[in-house]
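Here are the chains, one letter per residue:
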Amino acid sequence: MNAKERARNRWKLLANTVSKKCQDQIFASQISYDLFNIECINTEWSKYSSCVQNNNFSAIVCRSPIIVTPEELMGFNNTGNVRIWPSEEVLAYYVLSNLDSFRDKTVLELGGGMSCLAGIMAALYGFCSDVHLTDGNPNSVYNVERILEKNVFTTKVTCSVLKWDQRPANICHYDVVLAADCLFFDEARDDLVHTIAASLSFGGVALVAAPKRGTTLYEFIKMAQQEGLICTVQQNYNTLVWERHSKQVLYNPSYDADSHYPLLISITKATKIIDCQFQ
């Protein structure tokens, strides 16, 4: 199978989760846990808002103007410009539900796509000391720059291109590392593990939200173990998210929990390789 055929197969997988409607409607997820109210401001911009523990939160987010084709999936990962994926929304909601865990912390988001929604929410409401938002695609990072200009922050927030396979030697260490649905491509998994290990401070935690998708999640965990990281996998990590997931299982015949529901992996550093713990 040549590179073009592989790219087209990837696109077919993505097409199963992307709305079959026009490109203007791709911004909204076909599978949604309704954690955020999405108010359309214009053709590009939307207001993402949510009420968590009787507190209201919101961010102004824009969609990427890039239309992704199968050819553009070759050579680099462009999935973050397709839409805001359910795992990113879930991780953003988890951040808003656990804001005390981010106070005075340095935060890095990896593979945040065109919105870096989880990192944006941490920067807006987590009283972090510093937030850095990244993706490997320059188009995604440009879109995040636009979002930063549109919202008002009291925390220092920056963004940049970060390609995992370049493995920079002088990367900063962060108290919290966020990553949502970054396990889709097999060839990038080892580089992601290395980047997490290199960027996570001792005593810090990486929060990775991703569906099982067959063995992809457990292959990631195996690689993390080999890198000397401790992983704790949680299925029920938020009451509302679990309730919405359970309703999808009961009432949505097209819902595939293995492909859609993001598990939450909490990752910490260890001085030696130990077995992954499951909850």
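Look a little higher up for the structure.
Below is a summary of the structure that appears in this document. (Residues numbered from 1 in each chain as written. Predicted model: local features only at pLDDT ≥ 70, side-chain atom pairs only at ≥ 80, totals over all residues. Heavy atoms only, no water.)

Next up on the list: unusual backbone geometry. One non-glycine residue, Cys 116, lies in positive phi territory at about 50°. When you line up the elements, Cys 116 lands in the loop between β4 (106-110) and α3 (117-125). According to the relative accessible area criterion, Cys 116 is buried, its value standing at 1%. With a phi close to 45°, Arg 213 is a non-glycine residue in the positive phi region. Within the secondary structure layout, Arg 213 lies in the loop between β8 (200-210) and α6 (216-226). (Helix = DSSP H or I, 4+ residues; strand = E, 2+ residues; numbered from the N terminus. Buried < 20%, exposed > 50% of the residue type's maximum accessible area, 1.4 Å probe, protein only.)

Under the definition given, this model contains eight aromatic pairs. Between Phe 36 and Tyr 93 the ring centres are 6.5 Å apart and the planes differ by 90°, which places this aromatic pair in the edge-to-face class. Here Tyr 93 lies in helix α2 (residues 86-97) and Phe 36 lies in the loop between α1 (3-15) and β1 (37-40), a separation of 57 residues in the sequence. Exposure class is identical for Phe 36 and Tyr 93. Each is buried. Pairing Tyr 94 with Tyr 237 gives two aromatic rings, centres 6.1 Å apart and planes at 75°, and the pair type is edge-to-face. Residue Tyr 94 is located in helix α2, and its partner Tyr 237 is located in the loop between β9 (229-234) and α7 (239-251); the two are separated by 143 residues in the primary sequence. Accessibility expressed as a relative area gives 13% for Tyr 94, which makes it buried. Owing to a relative accessible area of 11%, Tyr 237 belongs among the buried residues under this scheme. Taken together, Tyr 33, Tyr 94, Tyr 237, Trp 242, Tyr 255 and Tyr 261 form an aromatic cluster joined through their ring pairs. Cation over ring: Arg 103 sits above Phe 127, and NZ or CZ is 4.6 Å from the ring centre. Lys 150 extends its terminal NZ or CZ atom over the ring of Trp 45, reaching a point 5.0 Å from the ring centre. (Phe/Tyr/Trp six-rings, centres within 6.5 Å; stacked < 30°, edge-to-face > 60°. Lys NZ or Arg CZ within 6 Å of the ring centre and 35° of its normal.)

Here we take up the packing of α2 against α3. Closest axis-to-axis distance for the α2/α3 pair is 7 Å, and the angle between their directions is 20°. Looking at the two axes, α2 sits roughly parallel to α3. The handedness of the crossing between α2 and α3 is right-handed. Judged by residue contacts, Glu 88, Glu 89, Leu 91, Ala 92, Val 95 and Leu 96 of α2 engage Leu 117, Ala 118, Met 121, Ala 122 and Tyr 125 from α3. Broken down by class, the residue content of the contact of α2 with α3 amounts to nine nonpolar, no polar and two charged. (Axes fitted to C-alpha atoms, helices over the stretch in contact; angles between N-to-C directions. Parallel < 35°, antiparallel > 145°, perpendicular 65-115°, else oblique. Left-handed = near helix turned anticlockwise from the far one by under 90°. Contact = heavy atoms within 4.5 Å. Nonpolar A, V, L, I, M, F, W, Y, C, P; charged D, E, K, R; others polar.)

The values are spatial; any link to function lies outside them.
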